[in-house]
Structures are given as C-alpha cells and as structure tokens.
Amino acid sequence: MTTGPTPDRRLTPATARVALRGQAKAPALTEGAPARVVQPVANLLARPGGPRDRQLLYGAEVLVIDRDAGHAFVQAGADGYCGWLAEDSLREGGEAATHRVCAPATHLYPEASIKEIESAWLPMNARLRVIAAEGPLWRTEAGYVPAPHLCPLTEVAADPVTVAESLLGSPYLWGGNSRAGVDCSGLVQLAHHAAGRACPGDSDLQAHAFAGPLGRGLAEAEPLRRGDLVFWKGHVALVVDAARLIHANGHTMSVACEGISDAIARIMAQGGGPVTLRARPL
C-alpha cells in the first residue's frame with residue numbers, strides 16, 4: 001500500500017477533530033467562522049501554547065475552524081497559513097476594513113490629540129475601518145490614528161524593496177511580521193503585501209512560489225536587479241541593487257543591508273550552505 005506525502009500542517013485547514021469543508025478530512029467538517037485579529041500583533045502558534053510559526057496583524061481576516069484550551073485554530077485569509085491564536089486576540093463580526101497602516105508603525109489615541117497618552121501601537125499593514133476622515137487624526141473603530149500613517153486598501157506601495165528599507169534597524173524576531181520584530185521571510189512577506197502582491201509566509205513556501213506561480217527562477221549568469229529574491233536553505237533576502245541586498249538576519253539581529261557577495265560568503269562560512277535559488281517576482 002502506498003501513501004501520499006504528509007500534508008503540510010501550515011497549509012492544512014484541519015485539526016485532528018475538525019476540518020474546513022472541502023479542504024481536508026476530519027471527523028467533523030465546518031464552513032469556518034469569520035473573525036478578525038484585534039491585537040497589534042498576534043502569535044500564530046504550531047499548537048495551543050506552542051512555538052510561534054508566524055504573526056497576524058490587527059485587522060487580519062481569518063476563518064476559525066476549531067477551538068481548544070483557550071485558543072482558536074484559524075486559516076489566515078491573506079495567505080492561507082494555518083495555526084493557533086489565543087482566543088482573546090480575535091473578534092467575530094464587525095465591518096470590513098477600509099484602510100491600512102502604511103508607515104512602519106503608528107499609535108492609536110483615545111481622543112483626537114497627539115498629546116493624549118497612546119492606547120496602543122499598530123504595525124505596518126494593520127487594517128482598520130476609518131469612520132471619520134477629518135483633521136490630522138482620523139477616527140477608526142479602534143481609536144484615532146495620524147492621517148499620514150493611513151492609506152486606502154486600494155493604494156499600494158510601488159516597490160517592495162523601498163518598504164523593506166523603511167524597516168532598516170528593526171530587531172530580528174523568529175516568526176515576526178512587524179516593526180517590533182521581524183524575520184527574513186516576514187520582511188519579504190510584509191514588503192510584498194504592502195505592495196499589494198501575494199506572498200506566502202515562510203521562506204521555503206516563498207521559494208516554491210517565486211520559482212513558479214509568483215515568479216521565475218534566474219540562471220546563475222543572469223544579473224540580479226532590484227526586487228529579485230535570493231534564497232538559502234531557511235533564509236531569504238531582497239536584492240537592493242546589483243551589489244547589495246536587504247534582509248532580516250540573525251547575524252546583526254536586525255533588518256540590515258549587506259553586500260551580496262559578502263552575505264553569500266559569510267553564510268557559507270557559518271554553515272548555512274550555498275544559495276539555493278535566485279528568483280524574480282512577476
């Protein structure tokens with residue numbers, strides 16, 4: 001008897017008990033309950049109370065598939081990534097978002113004054129519903145946000161690399177997706193999402209996507225240009241120009257620019273292996 005490959009748990013909308021109807025098999029099936037993230041960043045876990053896989057940002061849309069131990073098993077609407085969120089990070093219902101945070105980060109204020117003590121912060125790509133777009137601070141369902149930090153969902157960045165450059169110096173955080181902490185694939189994903197482009201969450205998923213449906217692999221002799229991606233096993237960087245790249249990395253523990261040849265040599269010397277793919281997004 002032969003069996004197929006083990007499903008990737010990150011992309012399988014099912015637990016041992018419940019599956020999303022038509023997507024996977026389980027003892028029980030569900031259509032999923034729509035919900036939204038209501039924390040600035042919420043850790044998407046491999047299991048309830050387990051390690052972080054990725055993060056979801058305020059306003060992210062999810063389908064709740066199962067619940068257990070104070071956590072909800074969800075499928076993220078933006079990229080299909082599945083995992084467990086603390087239940088208190090979610091809220092069902094509510095009206096659709098109209099705007100996103102287009103600055104590296106911003107603050108929420110309880111009143112329309114920057115002299116008020118902020119009530120929270122929000123990262124780039126957080127999604128909100130603007131209720132009143134008047135004055136220097138706009139009223140949203142979560143509080144007041146400086147108008148220059150918001151843009152309509154239909155307005156996207158022209159260049160993912162410029163987005164990544166706006167996050168230079170951000171601290172490295174495994175599984176992070178925000179200015180408060182970001183890893184290599186998180187930086188690539190948030191930069192592409194800010195530019196209105198599809199992008200998976202992890203570097204292996206990104207390599208598969210950008211070598212196929214979202215881009216094409218590059219021959220060794222083909223010159224790199226701004227916006228290309230360079231992959232190693234377990235790592236990814238965006239090309240700034242023919243000589244430099246930008247990546248969130250454990251070497252500087254930050255988002256930093258580095259010479260392409262320097263990065264290739266350093267990663268090889270540190271045991272990270274050779275470049276496995278050079279790709280150009282569509």
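Sequence order as written defines residue numbering, which begins from 1 separately in each chain. Per-residue local features of the predicted model are confined to residues with pLDDT of at least 70, and side-chain atom pairs are confined, for both listing and counting, to 80 or more; whole-chain, interface and lining totals are unaffected and use all residues. Side-chain metrics in this entry use all non-hydrogen atoms of the structure; hydrogen atoms and water are not considered.

Looking now at helix 4 (residues 260-269). Burial classes follow relative accessibility: with a 1.4 Å probe on protein chains only, a residue under 20% of its type's maximum area counts as buried, one over 50% as exposed, and anything between as partly exposed. Segments assigned H or I by DSSP are reported as helices when at least four residues long, segments assigned E as strands when at least two residues long, and all are numbered from the N terminus. What helix 4 keeps buried is the set I260, A263, R266 and I267. Along the axis of helix 4, the buried positions cluster into a sector of 130°, meaning they face one direction only. Of the residues in helix 4, the exposed ones pointing more than 90 degrees away from the buried face are S261, D262 and A269. What makes two residues a contact is simply this: any of their non-hydrogen atoms within 4.5 Å. Against the buried residues of helix 4 lie strand 21 (229-232), strand 22 (235-239), strand 23 (244-249) and strand 24 (254-259). Remark: G271 follows helix 4 within two positions and exhibits a positive phi of approximately 90°. As used here, the arc belongs to the directions running from the helix axis to the C-beta atoms.

Here, a strand pair is defined by DSSP locating no fewer than two bridges between the strands. Spatially, 13-10-17 is the arrangement adopted by the three strands of the open sheet, whose pairing is antiparallel. Either end of the sheet is taken by a strand with one partner, and the two such strands are strand 13 (127-128) and strand 17 (150-152).

So, on to the packing of helix 2 (residues 184-194) against helix 3 (residues 203-210). A fitted line through C-alpha atoms represents every axis, and for helices the fit uses only the stretch in contact; the resulting angles, taken between N-to-C directions, go from 0 to 180 degrees. Their axes nearest at 9 Å, the elements helix 2 and helix 3 cross at an angle of 50°. Between helix 2 and helix 3, the interaxial angle falls into the category oblique. In this structure, helix 2 crosses over helix 3, and the sense of that crossing is left-handed. In this structure, helix 2 uses S185, V188, Q189 and H192 to contact helix 3, whose residues at the interface are S203, Q206 and F210. Each residue gets one label: Ala, Val, Leu, Ile, Met, Phe, Trp, Tyr, Cys and Pro are nonpolar, Asp, Glu, Lys and Arg are charged, and the others, such as Gly, are polar. The residue makeup of the contact of helix 2 with helix 3, split by class, is two nonpolar, five polar and no charged. Roughly parallel means an angle under 35 degrees; roughly antiparallel, over 145; roughly perpendicular, 65 to 115; everything else is oblique. Note on convention: near helix rotated counterclockwise from far helix by under a right angle means a left-handed crossing. Clockwise means right-handed.

Before going further, it helps to examine the environment of G59. As for its placement among the helices and strands, G59 is situated in the loop between strand 5 (52-57) and strand 6 (61-68). The buried category is assigned to G59, whose relative accessible area is 5%. Taking the C-alpha atoms as reference points, G59 and A126, 67 residues apart in sequence, are found 5.9 Å from one another. Those residues within four positions of G59 in sequence are excluded, and the remaining contacts are R36, V37 and R127.

Quick look at helix 3 now. Counting buried positions along helix 3 gives six out of eight residues, so the element sits mostly inside the fold. Considering only its buried residues, helix 3 is in contact with helix 2, strand 20 (215-217), strand 21, strand 22 and strand 25 (277-281).

Moving on: the environment of G181. Positionally, G181 belongs in strand 19 (residues 181-182). Overall, G181 belongs to the buried group, its relative accessible area being 1%. Separated by 67 residues in sequence, G181 and A248 have C-alpha atoms that sit 9.3 Å apart. Once you skip the residues sitting within four places of it in the chain, G181 turns out to touch Q55, P171, L173 and G176.

Nonpolar side chains tend toward joint burial in soluble globular proteins. Throughout, nonpolar core names a set of buried Ala, Val, Leu, Ile, Met, Phe, Trp, Tyr and Cys residues whose side chains join them through atoms within 4.5 Å. Counting residues in hydrophobic clusters, the biggest one holds 26 residues, and the most contacted among them are L187, L229, F231 and L238. Every element with two or more residues in this core is listed here: helix 1 (160-165), helix 2, helix 3, strand 21, strand 22, strand 23 and strand 25. When residues in this core are grouped by element, the largest group, six residues, is from helix 2. Excluding residues that lie within four positions of it along the chain, L238 makes contacts with V161, A164, L187, V188, H192, D228, L229, L245 and I246. Grouped together as the second largest cluster of nonpolar side chains are 15 residues, L56, A72, L85 and L205 included.

The disulfide criterion used throughout: a pair of cysteine sulfur atoms within 2.5 Å. Scanning the entire structure with this criterion turns up zero disulfides. As a non-bridged cysteine, C82 has C199 as the owner of its nearest cysteine sulfur, 17 Å distant.

Looking now at the sheet that holds strand 23. One open sheet accounts for six strands, arranged 20-25-21-22-23-24; its pairing is antiparallel. With one partner strand each, in any of the chains shown, strand 20 and strand 24 form the two edges of the open sheet. For this sheet, the mean angle separating the axes of adjacent strands, direction not counted, is 30°. Across four bridges, strand 21 lies against strand 22 in antiparallel orientation. Across the sheet, residue W232 finds its bridge partner in strand 22, namely H235. Packing of helix 2 onto the sheet brings it into contact with strand 21, strand 22, strand 23, strand 24 and strand 25, and relative to strand 22 it is tilted by some 40°. Contacts from helix 3 reach strand 20, strand 21, strand 22 and strand 25 within the one sheet, and its direction differs from that of strand 21 by about 130°.

Here we take up the pattern of salt bridges. Note on pairing: side chains with opposite charge can pair once their charged atoms come close. Counted as salt bridges are all cases of a side-chain nitrogen of Lys or Arg within 4 Å of a carboxyl oxygen of Asp or Glu. This model, assessed by the stated rule, comprises 19 salt bridges. A salt bridge links D53 to R9, with the shortest nitrogen-to-oxygen separation between them at 2.7 Å. Taken as a pair, D53 in strand 5 and R9 in the segment before strand 1 (18-20) lie far apart in primary sequence, 44 residues in all. One salt bridge in this structure joins R17 and D66, with 3.0 Å as the shortest N-O distance. Separated by 49 residues along the polypeptide, R17 in the segment before strand 1 and D66 in strand 6 bring together distant segments of the chain. Exposure remark for R17: the relative accessible area of 40% places this residue in the partly exposed category. Each of D8, R10, R54, D183, D202 and D204 takes part in one network of salt bridges that share partners.

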